[in-house]
Amino acid sequence: MDTSYVVDSTNMNTEMPADAAETVEMVEVVEENFIVNPEKFRELIEDAEKPLYKGCHNFTKLFAIIQLLNWKKGNEMYSSTYEAKKAFKAMGSGYTKIHECVSNYILYKNEYTDMATCPTYGKSRWKSKTTAKNLTWHVTDRKVDIGVLSHPADSPAWAAIDDKYPDFASEPRNLRLGISADGFDVNRGNRNHSVWPILTVIYNLPPWLCMKRKFIMLLLLVSGTPGNDIDVFLAPFINDLQLLFDIGVETYDAYAQEQFKLRAVMLWTTNYYPALGTLSGCPYSGFQGCVVCGEETHCIRLPESNKQSYDGHKRFLSYDHPFRRQKKAFNGQQDFSPSPEPMNGEEIYNRVNFIINKWGKVSKGNEEEIQQSTTGSGGKINKKRENHTKRLGYWRDNLIPHCIDFMHVEKNVVESLTGTVLNVPGKTKDGYKARLDLVHYGLKPELHLKIEGNNTTLPAAGCTLTKEEKNKFCETLYNLRVPQGYYSNFSSLVSLKDRKLIGLKSHDYHMLMQQFLPIAIRSIMHPPTRVTITRFCFFFKSICSKEIKLDKLDKLQEELCVTLCLLEKHFPSSFFDVMIHLTVHLTREVKLYGPIFSRWMYPFERFMKVIKGHVRNKNTPEGCIVEENVAEETIEFF
């Protein structure tokens, strides 16, 4: 062994390997390349003098890296750790997986290796029987607590299908499905390419299983953004649904060990709001853009902001509520009109069918006439060439065929709230044009623009924070400490310098609205506005409960309507976009369809993140996703 040393003249007590001088010389040759970053050069010099490990006399850290890179070129060395592990496994370095009985009575080894059931308890070795058994959980194992919603099977929507189609309900293994459609971009930069997966979940399963990734299935993958022509792409899927309901398919039950005719029904769809409007055939933007209220949507057009304001939430209060008589704090008018009656599945079906039968295919020549006759001036009707749901005989019997996605509503609501409270440019709903709208309608005179010569000032509003309050708000969120995995690291999402929130994901907004926003504003802000926002946060937290008592929903709805009216008092009209308005319909959907966790899009978004990672070849992303998904399902089946 070569034990020669090189003595450093700057530190006589430091011993370096023999190759240090040569490596240092090599680094010094390229010193001019580090003029911009001299610190990086000093790090390289340290690596060129540092032994690979304590007591190493032959190699420095940098020299060892260079040698490894040289060895990797033009030889037969393994290119990855995975290949090296495979080689070691062939030599006997590996492990053996041994199955155990579900009762922990035996190991499937030696004389039990080929057995499929436990010889003592008779329980299956395989999971497929457990999955088959879980399909009847809603009948055999579900605890029915009258007046409590904990599963879609407790809901009136589930019961409506049972009452209308008793032959379908008589077989508990028949599937109840929920569908979701959303898109994501598989590429970044200038080569954008969107794909739209159509996903489904099975609600026969227990609530702790039905939304798991294992039981979310990819039904259809649409290349590109389908837009209003999504009916065309959904045609194969609708054909399968029609077959599954009208005829059924022969299926083997591994748990009961028998053949039976499997049928299925689609209870509802869950999509973000524009996709919901496209699928339902109802207008979802612009004037009267609420798919639930329809033509009875209370809406005014803001001339300066060029937006629609969905105010008038006094109509959802009881007839004798004092807010109905107040003028000054709202839109300047008393309102004793009744609340709009939401459309059910039958009414939506008849409305869309009427449009199709009367007008046929929408063209440029008759589009404006259709708009005037169906949604009023300035409205919009989707260019649906065919009502795909008319082939599903049960579709019109669904109480709410298209659900409002809670996740996107909550995200947009809290984004508008924080943007307005922090007065973030481009995010706030309170600005110069919003104040001009108040002047136009003669509302909230204390907030009107003040013009003094060439200077125009905006009086401070109670819904925005001062500079000092913004600092406290951001510092509170920045210093939050929660368990790992609770949500994203908020210290990386708060800009103390710019006093704003950046880069929040949907789940971050979810935690902010339900947990941390009331904490961040509890000692700041105009007190009436602070109380109103806190009430709003408590509503979102209450409605997300896994178990909800029916007798509490009416009170929760009444408190929400009061909260929305209080928001109208403190926030400008431009704040009340369609997302704020949609919150008034969330309680109704819970009452008809059960807990929100069975319909929100968080599980679907997580699933789409997984299949996005399946893309290996960006020239054929759809093929990569489909092949990988089929492989996973095949492995899971076997």
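In this numbering scheme, every chain counts its residues from 1 along its sequence in written order. Two thresholds apply to this predicted model, a pLDDT of at least 70 for residue-level local features and 80 or more for giving and counting side-chain atom pairs, whereas whole-chain, interface and lining totals are computed over all residues. Water and hydrogen atoms play no part in the side-chain values, which are based on all heavy atoms of the structure.

J.: Before we move on, could you go through helix α14 (residues 432–441) and cite the residues and values that matter?
T.: Only protein chains enter the area calculation, which uses a 1.4 Å probe; residues under 20% of their type maximum are buried, those over 50% are exposed, and those in between are partly exposed. Only runs of H or I of at least four residues qualify as helices and only runs of E of at least two qualify as strands under DSSP, and these elements are numbered from the N terminus. Every buried residue belonging to α14 is among A434, R435, D437 and L438, and all of these are buried. One side of α14 carries all its buried residues, which in axial view fall inside an arc of 150 degrees. Residues are treated as being in contact if the distance between any of their heavy atoms lies within 4.5 Å. Among the structural elements, β11 (300–302) are those in contact with the buried residues of α14. Read the arc as the range of directions from the helix axis to the C-beta atoms.

J.: Give me the lowdown on the packing of aromatic side chains, citing residues and values where you can.
T.: A pair of aromatic rings is counted whenever rings of Phe, Tyr or Trp (Trp by its six-membered ring) have centres within 6.5 Å, and the orientation is called stacked for planes under 30 degrees apart, edge-to-face for over 60 and tilted otherwise. Counted according to the given criterion, the structure contains 19 aromatic pairs. Taking 5.0 Å as the distance between ring centres and 45 degrees as the angle between the ring planes, the aromatic pair formed by Y203 and W268 counts as tilted. With Y203 in the loop between β6 (194–202) and β7 (217–223) and W268 in strand β10 (residues 264–271), this pair connects stretches of sequence that are 65 residues apart. Residue classification places W268 among the buried residues on the basis of a relative accessible area of 1%. Residues W268 and Y593 carry aromatic rings whose centres are separated by 4.1 Å and whose planes lie at 40 degrees to one another, so their mutual orientation is tilted. Taken as a pair, W268 in strand β10 and Y593 in helix α20 (residues 586–593) lie far apart in primary sequence, 325 residues in all. Ring pairs connect the aromatic residues F406, F536, F539, F540, W600 and Y602, which therefore count as one cluster. Against the face of F260 rests R173, its NZ or CZ located 3.9 Å from the ring centre. Definition used: whenever NZ (Lys) or CZ (Arg) falls within 6 Å of the ring centre and also within 35 degrees of the ring normal, the charge is taken to sit over that ring.

J.: Outline the packing of helix α13 (residues 406–421) against helix α16 (residues 506–520), supporting the account with residue identities and numerical values.
T.: Two quantities define a packed helix pair, namely the angle between the axes and the distance from one axis to the other. With axes taken as lines fitted to C-alpha atoms, and helix axes fitted only over the stretch in contact, angles between N-to-C directions fall between 0 and 180 degrees. Packing of α13 against α16 brings their axes to within 9 Å, and their N-to-C directions diverge by 65 degrees. Once α13 is placed against α16, the crossing between them reads as left-handed. In contact with F406, M407, E410, K411, V413, V414, E415, L417 and T418 of α13, α16 contributes S506, Y509, H510, L512, M513, Q514 and L517. Split into classes, the residues belonging to the contact of α13 with α16 amount to nine nonpolar, four polar and three charged. Throughout, a crossing is termed right-handed when the near helix is turned clockwise from the far one, and left-handed when it is turned anticlockwise from it by less than a right angle. All residues other than Ala, Val, Leu, Ile, Met, Phe, Trp, Tyr, Cys, Pro, Asp, Glu, Lys and Arg, Gly among them, are scored as polar; the first ten of these are nonpolar and the last four charged.

J.: Provide a residue-level description of a nonpolar patch on the surface, including the pertinent values.
T.: A grouping of L52, Y53 and F59 is seen on the molecular surface, where their side chains present a nonpolar patch of about 300 Å² in accessible area. The topology assignment puts F59 in the loop between α2 (38–49) and α3 (61–72). Candidates for patches are residues over 30% relative accessible area with no salt bridge; among them, like charges are joined within 9 Å and nonpolar side chains (Val, Leu, Ile, Met, Phe, Trp, Tyr) within 5 Å. To measure how exposed things are, a 1.4 Å probe is used in the Shrake-Rupley method; for residues, cover is taken only from the protein chains shown. The rule for a salt bridge is simple: a side-chain nitrogen of Lys or Arg has to be within 4 Å of a carboxyl oxygen of Asp or Glu.

J.: So what's going on with the pattern of salt bridges? Residues and values would help.
T.: Tallied over the entire structure, the rule returns 14 salt bridges. For R142, the salt bridge identified is with D154, shortest N-O distance 2.3 Å. Of this pair, R142 sits in the loop between α6 (137–140) and β3 (148–149) while D154 is found in the loop between β3 and α7 (156–164), placing the two residues twelve residues apart along the sequence. On the accessibility criterion, R142 (18% relative accessible area) is buried. Overall, D154 belongs to the buried group, its relative accessible area being 19%. In this structure, E415 engages K427 in a salt bridge whose closest nitrogen and oxygen atoms are separated by 3.3 Å. One end of the pair, E415, is in helix α13; the other, K427, is in the loop between α13 and α14, with twelve residues separating them in the sequence. A relative accessible area of 44% means that K427 is categorised as partly exposed. One salt-bridge network, held together by shared partners, links E171, R173, D253 and E258.

J.: Describe the side chain of R176, and please don't skip the residues or the numbers.
T.: If you trace the backbone, R176 turns up in strand β4 (residues 175–181). With a relative accessible area of 4%, R176 lands in the buried category. Look past the residues within four positions of R176 in its chain and what remains in contact with it is W158, I161, D162, F168, A169, V201, I202, Y203, N204, V265 and L267.

J.: Go over the nonpolar core with me, naming the residues and quoting the values.
T.: The term nonpolar core refers to a set of buried residues drawn from Ala, Val, Leu, Ile, Met, Phe, Trp, Tyr and Cys, joined through side-chain atoms within 4.5 Å. Among the nonpolar cores identified, the biggest contains 141 residues, and F473 and L477 are the most heavily contacted of them. The dominant element in this core, judged by the number of residues it contributes, is helix α18 (residues 550–570), at nine residues. V24, V27, I45 and L62 belong to the second largest nonpolar core, which has six residues in total.

J.: So what's going on with the packing of α18 against α20? Residues and values would help.
T.: Direction vectors running N to C along α18 and α20 enclose 170 degrees, while the axes themselves pass 10 Å from each other. It follows that α18 is roughly antiparallel to α20 by the angle criterion. Contact residues: α18 offers L550, L553, D554 and Q557, while α20 offers T587, V590 and K591. Partitioned by chemical class, the residues of the contact of α18 with α20 number three nonpolar, two polar and two charged. Angles are sorted into four bins: roughly parallel if under 35 degrees, roughly antiparallel if over 145, roughly perpendicular if 65 to 115, and oblique for all others.

J.: Tell me about unusual backbone geometry, residues and numbers included.
T.: Notably, N306 is not glycine yet its phi reads approximately 55 degrees, a positive angle. Tracing the backbone through its elements, the reader meets N306 in the loop between β11 and β12 (307–309). Positive phi is not limited to glycine here, since K444 has a value of about 45 degrees. Along the chain, K444 turns up in the loop between α14 and β14 (450–452). You can call K444 buried: its relative accessible area is 7%.

J.: Describe the side chain of N271, naming the residues involved and giving the relevant values.
T.: Along the chain, N271 turns up in strand β10. In protein, a polar contact means a hydrogen-donor-capable atom and an acceptor-capable atom, both N or O and within 3.5 Å, with residues adjacent in sequence counting only if both atoms are side-chain atoms; elsewhere, any N or O pair within 3.5 Å suffices. A polar contact of 2.7 Å, which involves the side chain of N271, links it to the backbone nitrogen of A181. At 3.3 Å, the side chain of N271 forms a polar contact with the side chain of T269. In contact with N271, not counting residues within four places along its chain, are S180, A181, L276, L279, C403, D405 and M601.

J.: Would you mind going over the pairing of strand β8 (residues 249–253) in detail, with residue names and values included?
T.: Summarising the sheet, β8 and strand β9 (residues 258–262) pair through five bridges and their orientation is antiparallel. Residue Y252 lies in a different strand from β9, and its bridge partner there is Q259. In short, DSSP must find at least two bridges between two strands for them to pair.

J.: Go over the pairing of β6, please, and point to the residues and values.
T.: Counting buried residues in β6 gives nine out of nine residues, a clear majority hidden from the surface. When β4 meets β6, the two strands line up antiparallel, connected through five bridges. Opposite L177, over in β6, you have I202 as the bridge partner. Alignment of strand β5 (residues 184–185) against β6, held across two bridges, turns out to be antiparallel. When the sheet's bridge partners are listed, D185 is paired in β6 with S194. In terms of strand pairing, β6 meets β7 through six bridges, oriented antiparallel. Along β7, the bridge assignment pairs T200 with M217.

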